[in-house]
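One letter stands for each residue in the lines below.
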Amino acid sequence: MNQQRTTFGSQLGILLASVGCAVGLGNIWRFPYMLGTNGGAAFLLVYVICILMLGVPVLISEFFIGRYAKRNTVGAFAVMAPGTKWSIIGYNGVLAAFFIAGFYYVLSGWTLDYIFTSATTSLEGKTAADFSNEFEAFSSGIFRPVICTLLFIGISHYIVVSGVKNGIERASKILMPIFFLILIVMCIRSATLSGAGEGFRFLFQPDFSKINSSIVLSATGQAFFSLSLGMGCMITYGSYFGAKTNLQKTSIHVTLIDTFVSILGGILVFPAVFHFGIEPTAGVELVFITLPNILAQLPFSNVWAVTFFILLAVAAITSTIALHEVATAYLHEEFKISRKLSTFYVTIGVSVFSVLAALSFGILKEATIFGLTFFELLDYLTAKVMLPFGGMLICIFVGNRVDRKILKAELTNKGSVPFYFFNTYCFVTKYVAPIAIGAVFLNELGLFKLFNFLF
Ligand code: PHE
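Please read all numbers here as calculations on a predicted model, not as lab measurements.

**Student:** When you look at the side chain of Glu-62 in this model, what are you seeing that I'm missing?
**Tutor:** On the secondary structure map, Glu-62 appears in helix α3 (residues 41-69). The class of Glu-62 is buried, set by a relative accessible area of 0%. Ignoring anything within four residues of it in the chain, the contact list for Glu-62 reads Ser-228, Leu-229, Gly-230, Met-231, Gly-232, Cys-233, Met-234, Ile-235 and Ile-394.

**Student:** Could you clarify how one ought to interpret the packing of aromatic side chains in this entry?
**Tutor:** Two numbers describe a pair of aromatic rings. These are the distance of the centres and the angle of the planes. If you walk through the whole model with that rule in mind, you get 41 aromatic pairs. Where Phe-8 meets Phe-241, the ring centres are 6.4 Å apart and the plane angle is 45 degrees; that geometry is what we call tilted. Taken as a pair, Phe-8 in the segment before α1 (11-22) and Phe-241 in the loop between α11 (233-238) and α12 (247-275) lie far apart in primary sequence, 233 residues in all. Look at Phe-8 and you get buried, because its relative accessible area is 5%. Accessibility expressed as a relative area gives 2% for Phe-241, which makes it buried. Here Phe-103 and Phe-375 contribute two aromatic rings whose centre-to-centre distance is 5.6 Å and whose plane-to-plane angle is 70 degrees, an arrangement assigned as edge-to-face. Residue Phe-103 is found in helix α5 (residues 88-120), and its partner Phe-375 is found in helix α16 (residues 374-401); the two are separated by 272 residues along the sequence. As far as burial versus exposure is concerned, Phe-103 and Phe-375 are alike and both buried.

**Student:** Help me understand the site of the ligand, please; the structure alone is not making it clear to me.
**Tutor:** Residues in close proximity to the ligand total 15 residues, the closest being Ala-22, Gly-26, Tyr-104, Phe-225 and Ser-228. Notes on the ligand: free accessible area 320 Å², of which the protein chains cover 100%. Put simply, the parts of the chain that give the shell around the ligand at least two residues each are α1, α2 (25-37), α5, α10 (213-226) and α14 (301-334). In terms of residue count, α2 provides more of the shell around the ligand than any other element does, three residues in total. Within the shell around the ligand, the residues separate by chemical class into nine nonpolar, six polar and no charged.

**Student:** I'm lost on the environment of Val-254 in this one. Help?
**Tutor:** By secondary structure assignment, the location of Val-254 is in helix α12. For the pair formed by Val-254 and Met-34, sequence separation is 220 residues and the distance between their alpha carbons is 21 Å. With residues near it in sequence (within four places) discarded, Val-254 still touches Leu-15, Ser-18, Val-19, Ala-22, Leu-59, Leu-227 and Met-234.

**Student:** Is there a simple way to think about the packing of α5 against helix α6 (residues 128-139) in this case?
**Tutor:** Packed helices, taken two at a time, are described by the angle their axes make and the gap between the axes. Following both chains from N to C, one finds α5 and α6 inclined at 125 degrees, their axes separated by 12 Å at the closest point. In terms of orientation, α5 lies oblique with respect to α6. Crossing handedness for the pair α5 and α6: right-handed. Note on element contacts: α6 touches α5 through Phe-135, Phe-138 and Ser-139, opposite Trp-110, Asp-113 and Tyr-114. Looking at the contact of α5 with α6, its residues break down into four nonpolar, one polar and one charged.

**Student:** Can you help me understand the pattern of salt bridges in this one?
**Tutor:** Counted by the stated rule, this structure contains eight salt bridges. A salt bridge links Lys-126 to Glu-134, with the shortest nitrogen-to-oxygen separation between them at 3.2 Å. What makes Glu-134 partly exposed here is its relative accessible area of 36%.

**Student:** Help me out: how do you make sense of α1 in this one?
**Tutor:** Structurally, the α-helix is built with 3.6 residues per turn, so residues lying three or four positions apart point the same way. For α1, which comprises twelve residues, the first-to-last C-alpha distance of 17 Å matches the rise-based estimate of 16 Å (1.5 Å per residue) to within 8%. Within α1, nine of the twelve residues are buried, which leaves it mostly tucked inside the rest of the structure. All of the buried residues in α1 are Gly-13, Ile-14, Leu-16, Ala-17, Ser-18, Val-19, Gly-20, Cys-21 and Ala-22.

**Student:** Looking at this model, I keep getting lost on the nonpolar core. Mind explaining?
**Tutor:** When a protein is soluble and globular, its nonpolar side chains tend to lie buried together. Within the largest apolar cluster, 164 residues are counted, with the highest numbers of intra-cluster contacts made by Ile-65, Phe-179, Phe-288 and Phe-308. With 20 residues, α14 is the single largest residue contributor to this core.

**Student:** Can you help me understand the side chain of Thr-429 in this one?
**Tutor:** Here Thr-429 lies in helix α18 (residues 422-444). A relative accessible area of 1% places Thr-429 in the buried class. The residues touching Thr-429, leaving out its near neighbours within four places in the chain, are Pro-57, Ser-61, Cys-395, Ile-396, Val-398, Gly-399 and Pro-434.

**Student:** Even after reading the chapter, I still don't get helix α7 (residues 143-161), so can you show me in this structure?
**Tutor:** The first and last C-alpha atoms of α7 sit 26 Å apart over 19 residues, in line with the 27 Å expected at 1.5 Å per residue. Residues Pro-145, Val-146, Cys-148, Thr-149, Phe-152, Ile-153, Ser-156, His-157, Ile-159 and Val-160 constitute the buried set of α7. Buried residues along α7 sit in contact with α5, α6, α8 (164-191), α14 and α15 (339-359). Looking one or two residues beyond α7, the residue adopting positive phi is Gly-163, at roughly 110 degrees.

Reading guide: rules and limits
Residues numbered from 1 in each chain as written. Predicted model: local features only at pLDDT ≥ 70, side-chain atom pairs only at ≥ 80, totals over all residues. Heavy atoms only, no water. Helix = DSSP H or I, 4+ residues; strand = E, 2+ residues; numbered from the N terminus. Buried < 20%, exposed > 50% of the residue type's maximum accessible area, 1.4 Å probe, protein only. Contact = heavy atoms within 4.5 Å. Phe/Tyr/Trp six-rings, centres within 6.5 Å; stacked < 30°, edge-to-face > 60°. Near = heavy atom within 4 Å. Areas by Shrake-Rupley, 256 points an atom, 1.4 Å probe, with all protein chains shown as cover. Nonpolar A, V, L, I, M, F, W, Y, C, P; charged D, E, K, R; others polar. Axes fitted to C-alpha atoms, helices over the stretch in contact; angles between N-to-C directions. Parallel < 35°, antiparallel > 145°, perpendicular 65-115°, else oblique. Left-handed = near helix turned anticlockwise from the far one by under 90°. Salt bridge = Lys/Arg side-chain N within 4 Å of Asp/Glu carboxyl O. Expected span 1.5 Å × (residues − 1). Core = buried A, V, L, I, M, F, W, Y, C linked by side-chain atoms within 4.5 Å.

This is the structure we're talking about:
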């Protein structure tokens, strides 16, 4: 294999970059809204099962593919299975990176606008209707959402063009500690509000009767989205890991931290939601309408609001650079284009998707496909279709196509670290995960009423 490849500089850098890729708006924005609209604690339970059963094995498999092949997500399959169609996994990933970036940059752009607005206008005295109207007016506009989105893309471009070590790793090392500090302060604030108990019950006390097939699909999609799986992000990052990196440990750490952050995201949102007697089922707008409304009612409301949106922006940026990197590494390595130019092409591509997604709240609102706006379509297609599909193929590939000796040697660093559950991992990857994901798909297509029958 190509030994001259760029790598991250340190084990801490590897962990923080991977955690930065996984932790993002998926934890603070998407997880609470999914949980809120999918039955609360019942969703959390199904989600944790998905993370353990599907998330961990797929993450280990992606790190394995990346570090073994030392190539981008398309090239990795050309190295490991030359002349076959397996590289379809890579193409699915690069396309998914553009699609996710398309709607993710819009949300990220909104956070910038909210930081600015919260810093410059007083929140006191505003009613719930004011927040809702302001959000409507802002998101359906043209100039502000588009400019903010492009600004965020510009920041990500700058980091990615600076390189794997000097850009991505350095940014993650600076931003992730800031993220954790703000997150913990905000969780303490929310958890100590009166009435927080009800929020905790909503989050942690499952009502099993709520579990159905659509919750299972949503939880599967959320697990893949949150851990950035099924689209080659972790293959690409894994390709920058050094020979000494313990892939199993890194996977477990990333999974634990990511899940913990999602739960903290829930702790940040739900006690506050219940404290102020607001419906937890607000959906996509939960953190953009409901939360500002809540923060406005606290003393020093502007400080809390600015802090909260900085938290979101920081969470977002370490994920957008990962999305950008997937496509950049692909262009750079497969077409032998300079890194600078590759990043530039990706920036142009994601700008087109993002601007269309940004406008789908306003002038393109009526331009729906299958009843979904462009923004909603990108979210649905990636989280619920492309990522689980990619994850399923990755498991089938690693479980059936890869030589067990090679797999074990890579995952144990040539025997220098133990892998106690290697056989279980192989069994899950070969049978359990692909069958489980396949069943969820078939069920969603209405061909297979397994979960409705079971629950
Ligand atoms: N995992 C990121 C989040 O939770 C989103 C993401 C998905 C980033 C896929 C990269 C690739 O916000």
